[in-house]
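A look at the structure
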Amino acid sequence: MSDLSIAEAMPDPEPELRLRDCPDWVYLLQEFDTLYRYGSAGGSALIRAHRKRVRDRLSATMADNPPILHREAQSKPVTAHFPRALDLGERAAMQGMARALREVRDVLHWEYGYEKMPKALARKYAYCEILGPKGPIQCDRLILGFVLFAPNTTYPQHAHTEIEESYVSISGAWSENNAAVYAPGSLILNRSGDEHRITTGDRDPCLLAYAWTGPEDRLAAPGMTLRSGRRGSTSRPPA
Ligand SMILES: [Fe+2]
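Residues numbered from 1 in each chain as written. Predicted model: local features only at pLDDT ≥ 70, side-chain atom pairs only at ≥ 80, totals over all residues.

Considering the confidence of the model for the protein
As a reminder of what qualifies: You can read pLDDT as the predictor saying how much it trusts each residue, on a scale of 0 to 100. C-beta atoms are placed from the backbone for every residue, and two residues are taken to be in contact when these atoms lie within 7 Å.
Confidence in the prediction for the protein averages 90 pLDDT; 87% of positions are at 70 or higher. In the model, residues 229-239 has pLDDT below 50 throughout and makes 17 contacts with residues more than four positions away in sequence or in other chains.

This is the structure:
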C-alpha cells in the first residue's frame, strides 16, 4: 500500500472540543458568572474584591473559548450522596446551579486531592473541578469546582498558601470554625493562610461550590495537606 493510500485509510483525528461546543459546560459557567456578578458582598471590601477577581477571570476565560480536556469520569464513596444533594439544591436558593450541575453529573471526575487521606474522610468527602489547569474546562488563572460532604462530616483544619478561596452553599447546612451555620446561597471567603475546619449537618449531605484564585504556578500545584493532631493547632502554611 502506498503512503498516500495508508493516509487515506486512517480515520480522521478527533476534532478538538472547545467550550462553545459543550452547552452544558457553558450554562454551568453562566451560573457561576451570575453568582459572582449579581450576588452581594455583604458590605465587605475584601469579598467584593474577591468576587470581582473571580468574575473577571471567568469572563476572560469564557471569551477565550478554551479547550475541553478529557478527564475520565470518576466516582468516590461520597458520591452516593450526590443525587440527594442535587435534589435538595434544586429546592433551595441555588436551584439554577444545582440544575446546571445535574446536566454534567455523568462526566464529573471526583477526587480527594490529598496523598494521605484519613480513612474515615475517604468515605465522606470528595471534590470535582469543572474549570482549572487540569480541566475539564482548561484555565490557568482560576479554579472552579464543587465539594461534597456526607452528613455529619468533619473536614479537618487546613489552609491554602497563596490561594484565595470562596465557598458558596448549594445544599445542606454547614459551619466553618464553629462560627455560624450557613445555608444555600451563603458565601464564605478564606484568604491565603486562613485556617479553616468544616463540619456538616447530621441529616443531609452538603454540597458547596468553590472558586480559587492565585498565581498560576500555585493553582497548577496547590500542595493540599491536612492538619493532624488536635484541632486549633498552630497555624502554618501547608507543605
Ligand atoms: Fe479550603
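Things to note about the nonpolar core
Rules: In plain words, the nonpolar core is the set of buried Ala, Val, Leu, Ile, Met, Phe, Trp, Tyr and Cys residues that C-beta atoms within 7 Å link up. To sort residues by exposure, count the other C-beta atoms lying within 10 Å of each residue's C-beta; 20 or more gives buried, 12 or fewer gives exposed, and values between give partly exposed, all with C-beta atoms placed from the backbone.
Formed by 53 residues in total, the largest nonpolar core has its most connected members in Leu131, Leu142, Phe146, Leu148, Ile170 and Leu208. With near-sequence residues (within four places) excluded, leucine 131 lies in contact with Leu29, Thr61, Ile137, Cys139, Leu142, Ile143 and Leu144.

What to know about helix 2 (residues 23-38)
Here is the rule: Secondary structure follows DSSP: runs of H or I at least 4 residues long count as helices, runs of E at least 2 residues long count as strands, and numbering of each begins at the N terminus. Working rule for helices: expected span equals 1.5 Å times residues minus one.
Spanning 16 residues, helix 2 covers 22 Å between terminal C-alpha atoms, matching the ideal 22 Å at 1.5 Å per step. On its buried face, helix 2 sits against helix 3 (45-64), helix 5 (95-102), strand 1 (125-132), strand 2 (137-138), strand 3 (143-149) and strand 5 (164-171).

Topic: the sheet that holds strand 10 (residues 206-213)
The criterion, for reference: A pair of strands is considered paired only if DSSP assigns at least 2 bridges between the two.
In space, the six strands of this open sheet follow the order 2-1-3-10-5-8, with mixed pairing throughout. The sheet terminates laterally at strand 2 and strand 8 (187-190), the two strands that pair on one side only. Here two bridges tie strand 1 to strand 2, and the two strands are oriented parallel to one another. Within the sheet, the bridge partner assigned to leucine 131 lies in strand 2 and is isoleucine 137.

Looking at the packing of helix 2 against helix 5
Filter applied, for reference: For helices, the fitted axis covers only the stretch in contact; all axes are lines through C-alpha atoms, and the angles between them, taken along N-to-C directions, range from 0 to 180 degrees. Any angle that is under 35 degrees is reported as roughly parallel, and any over 145 degrees as roughly antiparallel; angles of 65 to 115 degrees are reported as roughly perpendicular and all others as oblique. Handedness of each helix crossing follows the sense of rotation of the near helix against the far helix: counterclockwise by less than a right angle gives left-handed, clockwise gives right-handed. For this classification, the nonpolar set comprises Ala, Val, Leu, Ile, Met, Phe, Trp, Tyr, Cys and Pro, the charged set comprises Asp, Glu, Lys and Arg, and every other residue, Gly included, is treated as polar.
Two elements in contact, helix 2 and helix 5, have axes separated by 9 Å at closest approach and are oriented at 160°. On the basis of their axis angle, the class for helix 2 and helix 5 is roughly antiparallel. The two elements helix 2 and helix 5 meet at a crossing, and its hand is left-handed. Side by side, helix 2 and helix 5 meet where Tyr27, Leu28, Glu31 and Leu35 of the first sit next to Gly96, Met97, Ala100 and Leu101 of the second. Residue composition of the contact of helix 2 with helix 5, grouped by class: six nonpolar, one polar and one charged.

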